Amino acid sequence: MDATPNMLDNQCLDDWVILGEDVDVIAAIAFTPDGLMMITGSENKSIKIWDLQKMKCMASVPEAHIEGIKCLVASPDNKHFLSGSYDGCIKMWTLKDLKSIHTFPNAHNFAVTSLKTTKDGLYLLSSSDDWTVKIWSLETNTQVHTFKDHTDAVTDLILSVDHTLIASASNDRSIKVYDFFNRKMLFSLDDAHTDDFISLCISPDNKQLVSSADDKRIKVWDLEQRKCIACAEKAHQNELRSLAFSFDNKLIFSAGGDGAIKIWSFPELTLINQFE
(Lines give C-alpha, C1' and ligand atoms only; values in the text may rest on other atoms or scores of the structure.)
Protein backbone atom coordinates (compact mmCIF):
# COMPACT_ATOMS: atom_id res chain seq x y z
CA MET A 1 0.00 0.00 0.00
CA ASP A 2 1.20 3.54 -0.70
CA ALA A 3 2.72 5.61 2.07
CA THR A 4 -0.29 7.91 2.00
CA PRO A 5 -3.56 6.45 3.32
CA ASN A 6 -5.78 6.30 0.28
CA MET A 7 -9.31 5.07 -0.27
CA LEU A 8 -9.77 7.08 -3.43
CA ASP A 9 -6.95 5.81 -5.60
CA ASN A 10 -8.25 5.13 -9.12
CA GLN A 11 -11.86 5.44 -8.00
CA CYS A 12 -14.46 7.76 -9.49
CA LEU A 13 -15.42 10.52 -7.04
CA ASP A 14 -18.34 12.07 -8.95
CA ASP A 15 -18.05 15.17 -6.82
CA TRP A 16 -16.54 18.66 -6.77
CA VAL A 17 -13.10 18.61 -5.20
CA ILE A 18 -11.49 21.90 -4.21
CA LEU A 19 -7.74 22.26 -3.76
CA GLY A 20 -6.53 25.80 -3.26
CA GLU A 21 -8.24 27.94 -5.88
CA ASP A 22 -8.77 25.11 -8.32
CA VAL A 23 -12.13 23.46 -8.92
CA ASP A 24 -12.51 20.42 -11.19
CA VAL A 25 -14.69 17.34 -11.49
CA ILE A 26 -12.07 14.83 -10.33
CA ALA A 27 -12.39 11.35 -11.84
CA ALA A 28 -9.14 9.72 -10.59
CA ILE A 29 -6.54 10.17 -7.89
CA ALA A 30 -3.16 8.48 -7.39
CA PHE A 31 -0.38 9.00 -4.86
CA THR A 32 3.35 8.61 -5.39
CA PRO A 33 4.98 5.77 -3.41
CA ASP A 34 6.79 8.26 -1.16
CA GLY A 35 3.47 9.89 -0.25
CA LEU A 36 4.69 13.38 -1.13
CA MET A 37 2.81 13.99 -4.36
CA MET A 38 -0.73 13.48 -5.56
CA ILE A 39 -1.86 13.15 -9.18
CA THR A 40 -5.41 14.04 -10.19
CA GLY A 41 -7.24 13.44 -13.44
CA SER A 42 -10.44 15.19 -14.42
CA GLU A 43 -13.44 14.64 -16.60
CA ASN A 44 -12.38 17.80 -18.45
CA LYS A 45 -9.28 15.89 -19.74
CA SER A 46 -6.77 17.66 -17.46
CA ILE A 47 -4.07 16.09 -15.30
CA LYS A 48 -2.46 17.91 -12.36
CA ILE A 49 0.35 17.16 -9.93
CA TRP A 50 0.03 18.41 -6.35
CA ASP A 51 2.64 18.89 -3.62
CA LEU A 52 0.92 17.45 -0.53
CA GLN A 53 3.15 19.35 1.89
CA LYS A 54 2.50 22.71 0.28
CA MET A 55 -1.04 21.78 -0.88
CA LYS A 56 -0.16 23.43 -4.17
CA CYS A 57 -0.50 22.46 -7.82
CA MET A 58 3.00 22.06 -9.23
CA ALA A 59 2.17 21.26 -12.88
CA SER A 60 -0.84 20.68 -15.11
CA VAL A 61 -1.78 19.59 -18.62
CA PRO A 62 -5.21 20.86 -19.73
CA GLU A 63 -5.68 18.43 -22.66
CA ALA A 64 -3.94 15.27 -21.50
CA HIS A 65 -6.26 12.97 -23.48
CA ILE A 66 -8.86 13.31 -26.20
CA GLU A 67 -11.54 12.41 -23.65
CA GLY A 68 -11.79 12.57 -19.86
CA ILE A 69 -9.40 10.83 -17.48
CA LYS A 70 -10.72 7.61 -15.93
CA CYS A 71 -7.81 6.14 -13.93
CA LEU A 72 -4.23 6.83 -12.81
CA VAL A 73 -1.35 4.87 -11.31
CA ALA A 74 2.11 6.00 -10.14
CA SER A 75 5.19 3.93 -10.99
CA PRO A 76 7.22 2.39 -8.14
CA ASP A 77 10.34 4.41 -9.07
CA ASN A 78 8.65 7.72 -8.17
CA LYS A 79 9.58 9.07 -11.61
CA HIS A 80 6.59 8.28 -13.81
CA PHE A 81 2.86 7.70 -13.78
CA LEU A 82 0.30 6.38 -16.25
CA SER A 83 -3.17 7.60 -17.16
CA GLY A 84 -6.13 5.80 -18.67
CA SER A 85 -8.94 7.58 -20.46
CA TYR A 86 -12.44 7.20 -21.80
CA ASP A 87 -10.75 7.44 -25.22
CA GLY A 88 -9.27 3.95 -24.73
CA CYS A 89 -5.66 5.19 -24.65
CA ILE A 90 -3.02 4.78 -21.95
CA LYS A 91 -0.24 7.36 -21.57
CA MET A 92 3.00 7.41 -19.61
CA TRP A 93 4.14 10.72 -18.09
CA THR A 94 7.19 12.04 -16.26
CA LEU A 95 6.36 13.05 -12.72
CA LYS A 96 9.00 15.78 -12.58
CA ASP A 97 7.77 17.96 -15.45
CA LEU A 98 4.55 16.26 -16.56
CA LYS A 99 5.72 15.36 -20.07
CA SER A 100 4.09 12.58 -22.07
CA ILE A 101 6.84 10.11 -22.98
CA HIS A 102 4.79 7.25 -24.41
CA THR A 103 1.29 6.56 -25.66
CA PHE A 104 -0.33 3.17 -25.97
CA PRO A 105 -2.73 4.18 -28.77
CA ASN A 106 -6.00 2.26 -28.88
CA ALA A 107 -4.87 0.23 -25.89
CA HIS A 108 -8.53 -0.66 -25.44
CA ASN A 109 -11.59 -0.31 -27.65
CA PHE A 110 -13.50 1.55 -24.96
CA ALA A 111 -12.79 3.34 -21.67
CA VAL A 112 -9.83 2.20 -19.57
CA THR A 113 -11.31 1.54 -16.14
CA SER A 114 -8.32 0.57 -13.99
CA LEU A 115 -4.51 0.55 -14.04
CA LYS A 116 -2.04 -1.30 -11.81
CA THR A 117 1.75 -1.70 -11.96
CA THR A 118 3.93 -4.44 -10.53
CA LYS A 119 6.25 -3.36 -7.72
CA ASP A 120 9.32 -3.91 -9.90
CA GLY A 121 7.85 -1.52 -12.48
CA LEU A 122 8.19 -4.07 -15.28
CA TYR A 123 4.51 -4.66 -16.01
CA LEU A 124 1.30 -2.70 -16.30
CA LEU A 125 -2.18 -4.19 -15.97
CA SER A 126 -5.25 -2.54 -17.46
CA SER A 127 -8.98 -3.24 -17.56
CA SER A 128 -11.65 -1.78 -19.77
CA ASP A 129 -15.27 -1.39 -20.73
CA ASP A 130 -14.34 -3.52 -23.76
CA TRP A 131 -14.59 -6.60 -21.46
CA THR A 132 -10.83 -7.28 -21.40
CA VAL A 133 -7.91 -7.31 -18.95
CA LYS A 134 -4.46 -6.75 -20.46
CA ILE A 135 -0.85 -7.13 -19.35
CA TRP A 136 1.77 -4.75 -20.80
CA SER A 137 5.56 -4.78 -20.68
CA LEU A 138 6.86 -1.41 -19.52
CA GLU A 139 10.34 -2.35 -20.72
CA THR A 140 9.27 -2.73 -24.34
CA ASN A 141 5.93 -0.84 -24.14
CA THR A 142 4.18 -3.76 -25.79
CA GLN A 143 1.13 -5.85 -25.00
CA VAL A 144 2.02 -9.19 -23.41
CA HIS A 145 -1.34 -10.86 -22.89
CA THR A 146 -5.10 -10.28 -23.08
CA PHE A 147 -7.70 -12.01 -20.93
CA LYS A 148 -11.08 -12.23 -22.66
CA ASP A 149 -13.17 -14.14 -20.14
CA HIS A 150 -15.69 -11.47 -19.11
CA THR A 151 -18.92 -10.82 -20.99
CA ASP A 152 -19.42 -7.20 -19.92
CA ALA A 153 -17.42 -4.16 -18.85
CA VAL A 154 -14.55 -4.84 -16.43
CA THR A 155 -14.88 -2.26 -13.66
CA ASP A 156 -11.87 -3.00 -11.47
CA LEU A 157 -8.77 -5.19 -11.20
CA ILE A 158 -6.25 -5.90 -8.49
CA LEU A 159 -2.84 -7.55 -8.30
CA SER A 160 -1.86 -9.52 -5.21
CA VAL A 161 1.07 -8.34 -3.13
CA ASP A 162 3.25 -11.24 -4.26
CA HIS A 163 2.20 -10.76 -7.92
CA THR A 164 0.90 -14.28 -8.26
CA LEU A 165 -2.79 -13.43 -8.67
CA ILE A 166 -4.89 -11.02 -10.67
CA ALA A 167 -8.55 -10.54 -9.86
CA SER A 168 -11.02 -8.62 -12.01
CA ALA A 169 -14.62 -7.59 -11.42
CA SER A 170 -17.15 -7.06 -14.16
CA ASN A 171 -20.69 -5.92 -14.79
CA ASP A 172 -21.35 -9.51 -15.87
CA ARG A 173 -21.57 -9.96 -12.05
CA SER A 174 -18.53 -12.24 -11.88
CA ILE A 175 -15.05 -12.08 -10.37
CA LYS A 176 -12.30 -13.78 -12.37
CA VAL A 177 -9.08 -14.89 -10.67
CA TYR A 178 -5.99 -15.34 -12.86
CA ASP A 179 -2.49 -16.75 -12.52
CA PHE A 180 -0.29 -13.76 -13.34
CA PHE A 181 2.80 -15.72 -14.32
CA ASN A 182 1.13 -18.49 -16.33
CA ARG A 183 -1.39 -16.09 -17.89
CA LYS A 184 -4.42 -18.31 -17.31
CA MET A 185 -7.74 -18.10 -15.48
CA LEU A 186 -7.81 -20.17 -12.31
CA PHE A 187 -11.52 -19.87 -11.53
CA SER A 188 -14.57 -17.64 -11.72
CA LEU A 189 -16.88 -16.52 -8.91
CA ASP A 190 -20.15 -16.24 -10.83
CA ASP A 191 -23.18 -14.26 -9.66
CA ALA A 192 -20.93 -12.71 -7.03
CA HIS A 193 -23.21 -9.66 -6.74
CA THR A 194 -26.67 -8.73 -8.00
CA ASP A 195 -25.64 -5.38 -9.50
CA ASP A 196 -22.67 -3.69 -11.18
CA PHE A 197 -19.29 -4.02 -9.48
CA ILE A 198 -17.38 -1.11 -8.04
CA SER A 199 -14.27 -2.22 -6.16
CA LEU A 200 -12.00 -5.10 -5.15
CA CYS A 201 -9.20 -5.57 -2.65
CA ILE A 202 -7.22 -8.66 -1.68
CA SER A 203 -5.62 -9.73 1.60
CA PRO A 204 -1.79 -9.84 1.72
CA ASP A 205 -1.80 -13.63 2.18
CA ASN A 206 -3.93 -14.11 -0.98
CA LYS A 207 -6.52 -16.06 1.02
CA GLN A 208 -9.41 -13.58 1.00
CA LEU A 209 -10.88 -11.20 -1.54
CA VAL A 210 -13.23 -8.33 -0.66
CA SER A 211 -15.75 -6.98 -3.16
CA SER A 212 -18.40 -4.26 -3.28
CA ALA A 213 -21.10 -3.39 -5.78
CA ASP A 214 -24.11 -1.22 -6.53
CA ASP A 215 -26.23 -3.79 -4.68
CA LYS A 216 -24.91 -2.06 -1.50
CA ARG A 217 -23.24 -5.26 -0.30
CA ILE A 218 -19.69 -5.89 0.83
CA LYS A 219 -18.54 -9.50 0.57
CA VAL A 220 -15.51 -11.44 1.74
CA TRP A 221 -14.51 -14.42 -0.39
CA ASP A 222 -12.35 -17.35 0.63
CA LEU A 223 -10.16 -17.96 -2.41
CA GLU A 224 -9.21 -21.49 -1.36
CA GLN A 225 -12.80 -22.60 -0.80
CA ARG A 226 -14.00 -20.30 -3.60
CA LYS A 227 -17.04 -19.15 -1.68
CA CYS A 228 -18.42 -16.14 0.20
CA ILE A 229 -17.66 -16.34 3.93
CA ALA A 230 -19.07 -12.97 5.07
CA CYS A 231 -21.52 -10.43 3.71
CA ALA A 232 -22.59 -7.00 4.92
CA GLU A 233 -26.10 -6.38 3.61
CA LYS A 234 -27.06 -2.74 2.98
CA ALA A 235 -23.55 -1.70 3.97
CA HIS A 236 -24.36 1.82 2.76
CA GLN A 237 -27.60 3.63 2.00
CA ASN A 238 -26.43 4.27 -1.56
CA GLU A 239 -23.99 2.45 -3.84
CA LEU A 240 -20.49 1.69 -2.59
CA ARG A 241 -17.64 3.62 -4.20
CA SER A 242 -14.41 2.26 -2.74
CA LEU A 243 -12.78 -0.33 -0.48
CA ALA A 244 -9.40 -0.40 1.25
CA PHE A 245 -7.54 -2.39 3.87
CA SER A 246 -6.06 -0.71 6.95
CA PHE A 247 -2.28 -0.73 7.22
CA ASP A 248 -2.36 -3.68 9.61
CA ASN A 249 -4.86 -5.51 7.33
CA LYS A 250 -7.24 -6.08 10.24
CA LEU A 251 -9.90 -3.62 9.11
CA ILE A 252 -11.79 -2.78 5.93
CA PHE A 253 -12.75 0.79 5.06
CA SER A 254 -15.67 1.47 2.73
CA ALA A 255 -16.84 4.71 1.13
CA GLY A 256 -20.33 5.14 -0.26
CA GLY A 257 -22.47 7.44 -2.32
CA ASP A 258 -24.30 8.28 0.91
CA GLY A 259 -21.27 10.31 2.00
CA ALA A 260 -20.31 7.89 4.78
CA ILE A 261 -17.00 6.17 5.48
CA LYS A 262 -17.40 2.96 7.45
CA ILE A 263 -14.91 0.73 9.28
CA TRP A 264 -15.48 -3.03 9.34
CA SER A 265 -13.74 -5.89 11.09
CA PHE A 266 -11.98 -8.32 8.76
CA PRO A 267 -12.96 -10.93 7.80
CA GLU A 268 -16.18 -10.90 9.86
CA LEU A 269 -17.49 -7.60 8.39
CA THR A 270 -18.84 -6.37 11.72
CA LEU A 271 -19.41 -2.60 11.66
CA ILE A 272 -17.01 -0.94 14.10
CA ASN A 273 -17.38 2.76 13.39
CA GLN A 274 -18.51 5.24 10.75
CA PHE A 275 -17.97 8.85 9.75
CA GLU A 276 -20.60 10.96 8.00
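Note: the structure precedes this text.
Residues numbered from 1 in each chain as written. Predicted model: local features only at pLDDT ≥ 70, side-chain atom pairs only at ≥ 80, totals over all residues. Heavy atoms only, no water.

> So what's going on with the overall build of the protein chain? Which residues, and what values?
Counting its regular elements, the protein chain contains zero helices and 25 strands. For the protein chain, whose C-alpha radius of gyration is 18 Å, the value lies close to the compact-globule estimate of 19 Å for 276 residues. In terms of overall dimensions, the protein chain has C-alpha extents of about 45 × 45 × 30 Å along its principal axes. With 276 residues in all, the protein chain has 54% of them scored as buried. In the protein chain, once contacts between residues fewer than 6 apart in sequence are set aside, the share between residues at least 24 apart is 35%. Surface exposure of the protein chain reaches about 12,400 Å², of which carbon and sulfur atoms provide 49%. The distance from the centre of the 27 positive side-chain charges to the centre of the 40 negative ones in the protein chain is 2 Å. (Helix = DSSP H or I, 4+ residues; strand = E, 2+ residues; numbered from the N terminus. Rg over C-alpha atoms; globule rule 2.2 N^0.38 Å. Buried < 20%, exposed > 50% of the residue type's maximum accessible area, 1.4 Å probe, protein only. Contact = heavy atoms within 4.5 Å. Areas by Shrake-Rupley, 256 points an atom, 1.4 Å probe, with all protein chains shown as cover. Lys, Arg positive; Asp, Glu negative; His and termini not counted. Charge placed at Lys NZ, Arg CZ, Asp CG, Glu CD.)

> Outline the packing of aromatic side chains, supporting the account with residue identities and numerical values.
Under the criterion given, the structure shown has six aromatic pairs. When the centroid spacing of 5.7 Å and the interplanar angle of 85° are considered together, the rings of Y123 and F180 count as edge-to-face. Linking Y123 in strand β11 (residues 123-128) with F180 in the loop between β16 (175-179) and β17 (184-189), this pair joins segments that are 57 residues apart in sequence. By relative accessible area, Y123 is classed as partly exposed at 26%. A residue is classified by how much of its surface remains accessible, and F180, at 3% relative accessible area, is buried. Where F180 meets F181, the ring centres are 5.3 Å apart and the plane angle is 75°; that geometry is what we call edge-to-face. Of note, R183 hangs over the ring of Y123, and the distance from its end group to the ring centre comes to 5.6 Å. Lying across the ring of F180, R183 places its NZ or CZ 4.9 Å from the centre. (Phe/Tyr/Trp six-rings, centres within 6.5 Å; stacked < 30°, edge-to-face > 60°. Lys NZ or Arg CZ within 6 Å of the ring centre and 35° of its normal.)

> Run through unusual backbone geometry, naming residues and quoting values.
Cis geometry marks the peptide bond from F266 to P267, where omega comes out at 10°. With respect to the helices and strands, the residue P267 is situated in the loop between β24 (261-265) and β25 (271-275). At N106, a residue that is not glycine, the phi angle is positive and equals roughly 50°. By the secondary structure assignment, N106 is in the loop between β9 (100-104) and β10 (112-117). Positive phi outside glycine occurs at K216, with the angle close to 70°.

> Go over the side chain of T117, please, and point to the residues and values.
Tracing the chain through its elements places T117 in strand β10. A relative accessible area of 15% means that T117 is categorised as buried. Every residue in contact with T117, bar those within four places of it in the chain, is listed here: V73, A74, P76, L82, Y123, L124, L138 and L159.

> Could you give an account of the pairing of strand β18 (residues 197-202), with specific residues and numbers?
In terms of burial, β18 is a largely internal element, six of the six residues being buried. In this structure, β18 lies alongside strand β19 (residues 208-213), joined through five bridges in antiparallel fashion. Among the inter-strand pairings, F197 is bridged to a residue of β19, identified as A213. Adjacent in sequence and paired antiparallel, β18 and β19 are bridged by five residues, among which N206 carries a positive phi angle near 65°. (Pairing = 2+ DSSP bridges.)

> Explain the pattern of salt bridges to me, using residue names and the numbers behind them.
Taken as a whole and assessed by the stated rule, the structure comprises seven salt bridges. As a salt-bridge pair, E63 and K45 come within 3.9 Å of each other at their nearest N and O atoms. Of this pair, E63 sits in the loop between β5 (56-61) and β6 (69-74) while K45 sits in the loop between β3 (37-42) and β4 (47-51), placing them 18 residues apart in sequence. We classify E63 as exposed; its relative accessible area is 53%. Judged by its relative accessible area of 28%, K45 is partly exposed. In this structure, R217 and E233 form a salt bridge, with 2.7 Å as the shortest nitrogen-oxygen distance. You can see R217 sitting in the loop between β19 and β20 (218-222) and its partner E233 sitting in the loop between β21 (227-232) and β22 (240-245), a full 16 residues away along the chain. Connected through salt bridges with shared partners, the residues D215, R217 and E233 form a single ionic network. (Salt bridge = Lys/Arg side-chain N within 4 Å of Asp/Glu carboxyl O.)

> So what about the sheet that holds β24? Which residues, and what values?
Reading across the sheet, the four strands line up as β22-β23-β24-β25 and stay open at both edges, with antiparallel pairing between neighbours. One side of each edge strand has no neighbouring strand; the edge strands of this open sheet are β22 and β25. Strand-to-strand twist across the sheet, computed as the mean angle between neighbouring axes with direction ignored, equals 20°. Inspection of the sheet shows strand β23 (residues 251-256) paired to β24 by five bridges, in the antiparallel sense. What sits directly across from F253, in β24, is I263. (Axes fitted to C-alpha atoms, helices over the stretch in contact; angles between N-to-C directions.)

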